[in-house]
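Listed here are the chains, written in short residue letters.
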Amino acid sequence: MYREIFVPVDNSQHSDWAVDRALEMCRKSGGRITGNHVYAARLHDVRFRQLETGLPAQFQTPDEIKKQRKIHDKLIEKGLQLIADSFLDQLGKRCEAAGVALTRQLLEGINYEEIVNEVNRGAGRLPGLIGFDPNRAAGYDGGDKVRSDVKLGENGRLIAEDEDAAARLVGSSGRQYDLLAVGAHGLGRQQFSQLGGVVARVLRGVEKDVLIVRDDRAFEGGRFLVCVDGSSYSYKAMRAALELAQEFGGSLYVCSAFDVEYHHVVFNNIKDVLSYQASKVFKFEEQEELHNNIIDKGLLKLCQANLKRAEVMAQQFPDVPIKTQILIGKPFQVIMQWAEEVKPSLMVLSRHGAHRVEGTQLGSQAENLVRLVPCSTLLTGTVGIRPEDIPWIEEDGQAGLPWAPDAEVRILRVPPFAQGIARRAVEEYVLENVGNAGPPPMVTNKWLDEAIRKLLPTHMQLIMGIGNAEEIALAEVKATEQMKATKVQGSDADPVPAVPMIETKCPVTGNVSTRERVATDPIVWTQEGWQRLQLVPLIARPLARNTVERFARNHDIWRVTTHVMDDNKQAMIEADEFDIDTMMVMFTELRAKQIRAEAEGKDALSPEMRAFIEEAKAQGITRCPIRDIEEKMDKCPVDMKAVTPEDAKRAVEKLLQ
């Protein structure tokens, strides 16, 4: 339980509720509250200087201005201290009534900066108290150093005192806090505010646990809801929730969420970026089936393990009733929906989750929940996080199957975020085919090849990097070389010239000149269009580029912008003609290769031709006869050496009907 609680106060309703919860905790733990208020005398000093030009003429002389600044500085600061002291007076009365120890504290500076510095390291800037009675000052941090009060001259006017700026501060508290308890809003709350401005900034900088109070519901006998995702951060939150539920005689609701829709949304988004034909090449339906069978199934198992670990931890708190729940959907969304059913008095969250990126201050799911949930939230910090604190379960002691070195090298090509799931899927495939009798079988390249063929379509083997290393390397090298010919110039926002021009370079003299563009000149890509093209996997990028450029040429467009890419995608979807156009490109290349092979006296299916056929197969053109050209060469209706493009297209269309 928390024993050293830091509570900023501003006399707002939410601030009063934060005090209530801090008192409730301290009564259980025998802890102490540090009541705090931050004022910014420097801010008022800057504003006063901005208003000096409006002073009457008699105050405009340099000496008088200097004098007024000195008077104003101390007078305003004394006024701010008196206001803050009044806020802390109210807190003092409540602490005294509850029998809870209180230390008063004033800090001078920007509110959220001083709170973060004080809570993290006890390094807030303590000001010297102006004119405070020594007995009263004794209850304050730094109260042993009191500054003289504002002085009056014989004429009754304030005296301008010379004070060293450094002397206005008396050091810092050096205190170590367990918890920051703060109201979700302050005095400046607006109708549509999700979170107060100071609180929102403080949340990002504080490393300790933070209690954000939204209502007046007490913890005693309440419901506590905690979210776990398998990370050591989340199990620190789980322990905090168990301790609170035990102390206050409450019940605990534990959830773990995973998003089955995320991968499908991602793939559909990629499909929207790609052309209609490219989406067929990547076989999104198969990828959806892949995720249903492997990824989603794996995520479900992870959630089950997360909750099992939570139940193991809960065994140390036998008096706490616990209910677990797997939630399916966007985590913050489904957690909020479950919270509407449970109606917890407190939601406990970890600041970060399993996917924390180094340098981030607050996880996205935690930030959404802290802003949107209607109940109070406890955000556990990053101090004292240890991976070994994750509870052990039986599954952790079950070793995976042994892997042959060459198979191990190949599985390591899977992206890290999916590697565990992919490894387990392969091992399950092996066990399904071998059974559990006898010693554990070894995952060899043979088993890995079978599992890959079973679980992943061919194009996904290459895209996800689990195919043959040589195939992947060759495909990527070839794609990189093909993309070098792309010309990138200008931006979508650049005006379109009335007469498009192109620079040409003489191959002999090297002189550069400009001329009007012709239809055979290279297509130009804008920077924005090129960046969108990079979203296409490298292996498929040349095909996607050629698709868009052919569309551009057919519509007399010489520059590819993102708008042109959108038009291309829509046209292909509406016309459903892209497969035929793609086949015509393939047939044209095939005819050229046939003619070249015969001219050189080679067999029509030379190694070069066979390589071309394999390339066509790898691209996954499901309706293209090239995929079966070895079996259907004699049946092909197109004479590659003599046919015109128009005749070839009609023949292919007839074949496809």
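My aim in this report is to walk through the structure given alongside it, one point at a time. (Residues numbered from 1 in each chain as written. Predicted model: local features only at pLDDT ≥ 70, side-chain atom pairs only at ≥ 80, totals over all residues. Heavy atoms only, no water.)

The three strands lie next to each other as β13-β16-β17, forming an open sheet whose pairing is parallel. The two strands at the open ends of the sheet, each matched to only one other strand, are β13 (487–488) and β17 (559–560). Relative to β17, strand β16 (residues 524–525) runs parallel, the two being bridged by two bridges. Considered in β17, the bridge of Val 524 is made with Arg 559. (Pairing = 2+ DSSP bridges. Helix = DSSP H or I, 4+ residues; strand = E, 2+ residues; numbered from the N terminus.)

On to the sheet that holds strand β1 (residues 4–8). Strand order in the open sheet formed by 10 strands is β3-β2-β1-β6-β7-β12-β11-β8-β9-β10, with mixed pairing between adjacent strands. Looking at the sheet topology across the chains shown, the edges are occupied by β3 (101–108) and β10 (322–328). Each neighbouring strand pair of the sheet contributes to a mean axis angle of 20°, computed without reference to strand direction. Of the strands in this sheet, β7 (209–213), β11 (346–350) and β12 (376–380) are in contact with helix α12 (residues 364–372), which crosses β11 at around 160°. (Axes fitted to C-alpha atoms, helices over the stretch in contact; angles between N-to-C directions. Contact = heavy atoms within 4.5 Å.)

We now examine the packing of aromatic side chains. Applying the stated criterion across every chain, the model contains six aromatic pairs. A centroid spacing of 5.7 Å and a plane angle of 70° characterise the contact between Phe 219 and Phe 248, whose relative ring orientation is edge-to-face. Placement of Phe 219 in the loop between β7 and β8 (223–227) and of Phe 248 in the loop between α7 (232–247) and β9 (251–258) is noted, with a sequence separation of 29 residues between them. Judged by its relative accessible area of 1%, Phe 219 is buried. (Phe/Tyr/Trp six-rings, centres within 6.5 Å; stacked < 30°, edge-to-face > 60°. Buried < 20%, exposed > 50% of the residue type's maximum accessible area, 1.4 Å probe, protein only.)

The next thing to look at is the pairing of strand β15 (residues 512–516). Among the five residues of β15, zero are classified as buried, and the element is accordingly described as predominantly exposed. In this sheet, β15 lies alongside strand β14 (residues 501–505) in antiparallel orientation, the contact comprising five bridges. Looking across to β15, one finds that Ile 502 is bridged to Arg 515.

Attention now goes to helix α19 (residues 541–554). The first and last C-alpha atoms of α19 sit 20 Å apart over 14 residues, in line with the 20 Å expected at 1.5 Å per residue. Inspection of α19 places Arg 541, Pro 542, Ala 544, Arg 545, Thr 547, Val 548, Glu 549, Phe 551 and Ala 552 among the buried residues, and these make up the whole buried set. Count one or two residues on from α19 and you reach Asp 556, which has phi positive near 55°. (Expected span 1.5 Å × (residues − 1).)

Here the focus is the packing of helix α11 (residues 331–342) against α12. Their axes nearest at 9 Å, the elements α11 and α12 cross at an angle of 35°. Both α11 and α12 take part in a crossing whose hand is right-handed. Residues Pro 331, Phe 332, Ile 335 and Met 336 of α11 lie in contact with α12, whose contacting residues are Gln 365, Asn 368, Leu 369 and Leu 372. Partitioned by chemical class, the residues of the contact of α11 with α12 number six nonpolar, two polar and no charged. (Left-handed = near helix turned anticlockwise from the far one by under 90°. Nonpolar A, V, L, I, M, F, W, Y, C, P; charged D, E, K, R; others polar.)

Now for the environment of Phe 248. What makes Phe 248 buried here is its relative accessible area of 0%. Each residue touching Phe 248, except ones within four places of it in the same chain, is listed here: Met 1, Glu 24, Met 25, Lys 28, Phe 219, Glu 220, Gly 221 and Phe 224.

With that settled, the discussion passes to α11. Given a rise of 1.5 Å per residue, 12 residues ought to cover 16 Å, and the 16 Å separating the end C-alpha atoms of α11 matches this to within 8%. Every buried residue of α11 is listed here: Pro 331, Phe 332, Val 334, Ile 335, Met 336, Trp 338, Ala 339 and Val 342.

Turning to the pairing of β8, a few remarks are in order. Across the five residues that make up β8, a large majority, four, are buried. Here β8 pairs with β9 via five bridges, running parallel. Counterpart to Phe 224 in the pairing with β9 is Leu 252. Once the chain exits β8 it traverses α7 before rejoining the sheet at β9, and the crossover so formed is right-handed. (Right-handed = clockwise from strand over helix to strand, strands pointing away.)

All right, on to the nonpolar core then. Judged by nonpolar contacts, the single largest core of 54 residues is most densely connected at Ile 5, Met 25, Ile 33, Leu 211, Met 238, Leu 252 and Leu 378. Looking at this core, the element that brings in the most residues is α7, giving eight residues. Counting 41 residues, the second largest nonpolar core, distinct from the first, contains Leu 180, Val 202, Leu 203 and Val 334. (Core = buried A, V, L, I, M, F, W, Y, C linked by side-chain atoms within 4.5 Å.)

It is worth spelling out unusual backbone geometry at this point. Residue Lys 343 is not a glycine yet carries a positive backbone phi of 55°. By the secondary structure assignment, Lys 343 is in the loop between α11 and β11. A positive phi is found at Asp 556, a non-glycine position, where the angle reads about 55°. Locating Asp 556 in the fold gives a position in the loop between α19 and β17. Classification of Asp 556 as exposed rests on a relative accessible area of 72%.

Between helix α4 (residues 111–121) and helix α6 (residues 197–205), the least distance of the axes is 9 Å, while the angle of their chain directions is 35°. In the packing of α4 onto α6, the handedness of the crossing is right-handed. Residues Asn 111, Tyr 112, Ile 115, Val 116 and Asn 120 of α4 pack against Val 198, Arg 201, Val 202 and Gly 205 of α6. Here the residues of the contact of α4 with α6 sort into five nonpolar, three polar and one charged.

In this section: the side chain of Arg 21. Its place among the elements puts Arg 21 in helix α1 (residues 13–29). Of the polar contacts made by the side chain of Arg 21, one reaches the side chain of Glu 24; its length is 2.9 Å. (Polar contact = N/O pair within 3.5 Å; in protein donor to acceptor, adjacent residues only side chain to side chain.)

Another point: the pattern of salt bridges. As enumerated under the stated definition, the model contains 21 salt bridges in all. Arg 94 is the partner of Asp 20 in a salt bridge, and the nearest nitrogen-oxygen pair spans 2.0 Å. With Asp 20 in helix α1 and Arg 94 in helix α3 (residues 62–98), the pair connects residues that are 74 residues apart, well separated along the chain. Residue classification places Arg 94 among the partly exposed positions, given a relative accessible area of 25%. (Salt bridge = Lys/Arg side-chain N within 4 Å of Asp/Glu carboxyl O.)

Right, let's get into the environment of Ile 130. Along the chain, the position of Ile 130 falls in strand β4 (residues 129–130). Of the residues examined, Ile 130 reaches a relative accessible area of 0% and is grouped as buried. For the pair Ile 130 and Lys 145, spaced 15 residues apart in sequence, the C-alpha to C-alpha distance is 9.5 Å.

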